[in-house]
Each structure stands twice: as structure tokens, then as C-alpha cells.
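Coordinate inspection notes
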Amino acid sequence: MNLFDTLARFNYGELHLCRDEKTGLRALVGLYSTRLGPAIGGTRIKPYATEADAVDDVLRLARAMAYKAALAHLPHGGGKAVIIAPSGAFDRAALFTRFGQFVDGLAGRYVTTEDSGTSPSDMDVIRTATRFVVGSSNGSGDPSPFTALGVRRGIEAVAKGWLDRTDLKGLRVAMQGVGHVGAHLARELAQAGAELTITDVDPARRQAVAVELSARAVEPDAIFDVPCDVFSPNALGGALSEATIGRLKCRAVCGAANNQLATPAIGRALHERKVFYAPDYAINAGGLINVAVEWAGYDAARARRETLAIHDTIAAILERSRREDTPPGEIADRMAEEIMAAGPAK
Ligand code: NAD
């Protein structure tokens, strides 16, 4: 791995590394940009096959956070931390304390929060070593309702701007995954009068949500074949791939899952099929907005108000994608880079 070539490939400035013999900590913090304010983004812990995989992951994820924060008009840059999980048993509290010291050394240019593999109790440990952390157990709490609210607002923008509807009544939505975000989203959509078909690999969860909302439930693989207006991925990444997009019978894709497109080519293929894809990081920014408001001094009403504005962001992407005949994912990337280049709001 040539580190500086890798940084150049991702158009990066900064990658910070920390190794600690005593605790077994091997951590990376990528800062894509701090132009708009302190970089904010979660800490992920997992085993990586190679160090190059960890570097790629942190750089890719931090850039996505920068784009997400910029499009959500937050006074934050984008960053992310990756901890390479030690191979044997380890003292979790000692590891996260040492990691907190590492974050503290970045002197506020990076604010961390939870991500896959970490929890509010890990943030509590980090907080003993630094104040540059949000999402601890006495923080703003579960971000999922805010993420779901933002996705509902994005779907409203798509219903208006792409599907010529005035509201969500009778809108047919096929939902993949009804976990934390998906279940909240299903409730929001059902309340607005949408007709839901849902699935989840967990049959008990699928059944519970179907009964609660009088929704139709199907087996996980069948969700791709459901005729609908909106397909909504709310499970894992990579839902839209060569294998699945040919099966979709929808006019738009709007969901909370991260990394919905298996490859950028899938974004172009959807555009050619006239399926509007709401860029994942633009529509699922509600959770980030919530923790950014926590950083500023928590105010749930403000977090809600700022999340409602995701409607306008999706409407603007849709309008420009149509005008420039360019896939919405590419438009969103461009808009985010433009917002960062323009610098902080005066
Ligand atoms: P979760 O684990 O609570 O829910 C995911 C659900 O999807 C689970 O119920 C799981 O059983 C189900 N699932 C997994 N594979 C499936 C498959 N192949 N088919 C059908 N169902 C499947 O996670 P979550 O917090 O609800 O997050 C969902 C997605 O949204 C993730 O991609 C996450 O990264 C993204 N996201 C979440 C937030 C948030 O606030 N929680 C914010 C931004 C993005």
C-alpha cells in the first residue's frame, strides 16, 4: 500500500493514526474536510483483513460524512474513525479510553460518535478522556426516529417532484428491513396513508410491524418483485446490484440504508431506467443532524426542524438531476463539493 497515493486517490488531506502497545489500539481517523467546521462522524470497530482495507474504509466513510454534513447544511466537516479490532481478548474500557485520548489530541477538529460495532456505553468511556464526543448514554438518544423522519420528508419531495402527487395517500411503498429506522419509517408512512409492503429477515419483527400497521408482509427475497411506486431499502448496504435492479418495479428508490448502490454503475443504470434514486447520504441525514444539534446544545425541536428540511435538499437534487440529465448520486456529490468550496455560511 502506498499511503500517499491512496490519499490522492480519495482527494484527501489528512489521515491520523494511533498505535498503543498496552491496550492493543490500532486506530485511524480520516478528516476529509474541516472547512465548514469540526469534522463529525462515528467510530467503527471491526476486524480488517488488511491494513489497506482499514485505510480504504476510513477514507471512503469520512468523505461520505463530509458530503452528508454539507448537504444537510451543518456547520461540520466530515470525519470517521476506524479501530482495527484486536484479534484476541482485549480490555474494551482500556481500549476506548486510549482511543478517547487520541481523539482529544486532535483538539476538536474531530468529534466522534457511535457507529457499527460501538454503542453509547463506549461513548461514555471515550467521554472520560475527551469532550469531543456525542451520542453517549446521556446524550440525544436513539437517532433512528430522526433518520426515519428525514426519509419520510425525502419521499414527500419525490412524490411531488417525480410522481406528480400532492401527498402520500395511496402511495405504494415496498420496504426492505423494518429494524430501528424501518419500523419508525413504516409508522410515518402508514400515518400519511401510504400502502405498505414490508419484509425483514427477522420473521417476528416482520410479523409485528405488519400486524401493527395492517401492512402486507412478504419473504425477504420477494420484496424486489413487488410492484410499487417507491422501493425503500432500510436494511444493509448494497441492496441495489446487478442482480436486483432488473427486478425492481418502482419509479423511485428512497430509503435509509447506507451505501445502497453496489457500484456507481448501478446509479447510472437506474437513471437510464427513469428510476429516481434519492442519494442515501442525503436522505438519511436525520440521525447526523440530531447528533450535530447535540454538539451545539441539544434541542429536540431544532433537530426536528432541521431534519424536515431534507425535503428541500431532495427536491433540489431531483430538479438538478432532471435539468442536467445526470444521475442524482453524481449531482449530490457535486452539490456537496460546491457547498464545501463556498465555505461556512456568513
Ligand atoms: P437495524 O439493524 O435496526 O435494522 C435493519 C433491519 O434490516 C433488521 O431488522 C434486519 O433484520 C433487517 N435485514 C437485514 N438484512 C435484511 C435483508 N436482506 N432483507 C430484509 N431485511 C433485512 O438497523 P437500523 O438502525 O434500522 O439501520 C438500517 C440502515 O439504515 C442501515 O444501513 C444503517 O446503516 C442505515 N442508517 C441508520 C441510521 C440510524 O439512525 N439508525 C442513520 C443513517 C443510516
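The numbers attached to residues start from 1 for each chain and follow its sequence in the written order. pLDDT decides what is reported in this predicted model: residues at 70 or higher carry local features, side-chain atom pairs at 80 or more are listed and counted, and totals for whole chains, interfaces and linings draw on all residues regardless. Calculation of side-chain values draws on the structure's entire complement of heavy atoms; hydrogens and water are dropped beforehand.

Next up on the list: the site of the ligand. The nearness test applies per residue and asks whether one of its heavy atoms lies within 4 Å of the molecule or strand. In the neighbourhood of the ligand, 18 residues make up the surrounding shell, with Thr147, His180, Asp200, Arg205 and Ala235 lying closest. Computed on the free molecule, the ligand has an accessible area of 830 Å², of which 74% lies beneath the protein chains in the complex. Labels follow the DSSP assignment, with helices taken as runs of H or I lasting at least four residues and strands as runs of E lasting at least two, numbered in each case from the N terminus. The set of elements that each furnish at least two residues to the shell around the ligand consists of α5 (144-161) and α6 (180-191). Each accessible area is a Shrake-Rupley result for a 1.4 Å probe, and residues are judged covered by the shown protein chains and nothing else.

With that settled, the discussion passes to the packing of aromatic side chains. What counts as a ring pair is set by centres within 6.5 Å for rings of Phe, Tyr and Trp (its six-membered ring), and what kind of pair is set by the plane angle: stacked under 30 degrees, edge-to-face over 60, tilted for all other angles. Considering all chains together, one arrives at eight aromatic pairs under this definition. Residues Tyr67 and Tyr281 carry aromatic rings whose centres are separated by 5.9 Å and whose planes lie at 50° to one another, so their mutual orientation is tilted. Linking Tyr67 in helix α2 (residues 51-71) with Tyr281 in helix α10 (residues 280-283), this pair joins segments that are 214 residues apart in sequence. Here the aromatic rings of Phe99 and Phe102 are separated by 6.1 Å at their centres, their planes lie at 70°, and the arrangement is edge-to-face. Residue Phe99 and its partner Phe102 are both found in helix α3 (residues 92-105); the two are separated by three residues, about one turn of the helix. The rings of Phe10, Tyr12, Tyr32, Tyr67 and Tyr281 are connected pair by pair, giving a single aromatic cluster.

Looking now at the nonpolar core. Among buried residues, the Ala, Val, Leu, Ile, Met, Phe, Trp, Tyr and Cys ones that are joined through side-chain atoms within 4.5 Å form a nonpolar core. For each residue, the accessible area found with a 1.4 Å probe, counting protein chains only, is set against the maximum for its type, and the residue is called buried under 20%, exposed over 50%, and partly exposed in between. Residues Val158, Met175, Leu189, Leu196, Phe276, Ile314 and Ile317 are the most contacted members of the largest nonpolar core, which totals 76 residues. If you tally residues by element for this core, the top one is α2, at 11 residues. Looking at which domains feed residues into this core, each of domain 1 (3-127) and domain 2 (144-285 + 313-330) supplies at least three. Between two residues, a contact is recorded if the distance between any of their heavy atoms is within 4.5 Å. Excluding residues that lie within four positions of it along the chain, Met175 makes contacts with Gly182, Leu185, Ala186, Leu189, Leu196, Thr197, Ile198, Thr199, Ile223, Ser232 and Asn234. Per the annotation, domain bounds derive from an automatic or database assignment of domains.

We now examine the domain arrangement of the protein chain. Assigned domains within the protein chain: domain 1 (3-127) and domain 2 (144-285 + 313-330). Taking the mean C-alpha position of each, domain 1 and domain 2 sit 29 Å from one another. Contact residues are listed per partner, giving seven residues for domain 1 and eight residues for domain 2. Both faces considered, domain 1 and domain 2 share a buried interface measuring about 560 Å² in area, 65% of it formed by carbon and sulfur atoms. On the domain 1 side of the interface with domain 2, the three residues burying the most area are Tyr67, Lys68 and Leu71, jointly 74% of the side's total. Put simply, buried area is how much 1.4 Å-probe accessible surface two parts lose in total, over both of them, once they are put together.

As a further point, take the sheet that holds strand β1 (residues 14-20). Backbone hydrogen bonds are what pair the strands of a sheet, in a parallel or an antiparallel way. Pairing between two strands is assigned when DSSP locates at least 2 bridges connecting them. Read across the sheet, five strands follow the order β1-β2-β4-β3-β5 without closing on themselves; strand pairing throughout is mixed. Either end of the sheet is taken by a strand with one partner, and the two such strands are β1 and β5 (110-114). Neighbouring strand axes in the sheet, compared pairwise and without regard to direction, differ in orientation by 25° on average. As paired elements, strand β3 (residues 39-46) and β5 share five bridges and run parallel to each other. From the neighbouring strand, Gly42 faces β5, where its bridge partner is Thr113. Under this scheme, a helix contributes an axis fitted over its contacting stretch, all axes are lines through C-alpha atoms, and angles between N-to-C directions fall in the 0 to 180 degree range.

Take the pairing of strand β4 (residues 77-84) next. Residues in a regular strand project their side chains so that they alternate between the two faces of the sheet. Of all the eight residues making up β4, eight are buried; the element is thus mostly covered by neighbouring parts of the structure. Here β4 shows no split at all, with Gly77, Gly79, Ala81 and Ile83 on one side and Gly78, Lys80, Val82 and Ile84 on the other all buried. Across six bridges, strand β2 (residues 25-33) lies against β4 in antiparallel orientation. Counterpart to Ser33 in the pairing with β4 is Gly78. Orienting the strands away from the viewer, one traces the path from the first strand over the helix to the second; a clockwise path indicates a right-handed crossover. This β-α-β element, β3 to α2 to β4, shows right-handed connectivity.

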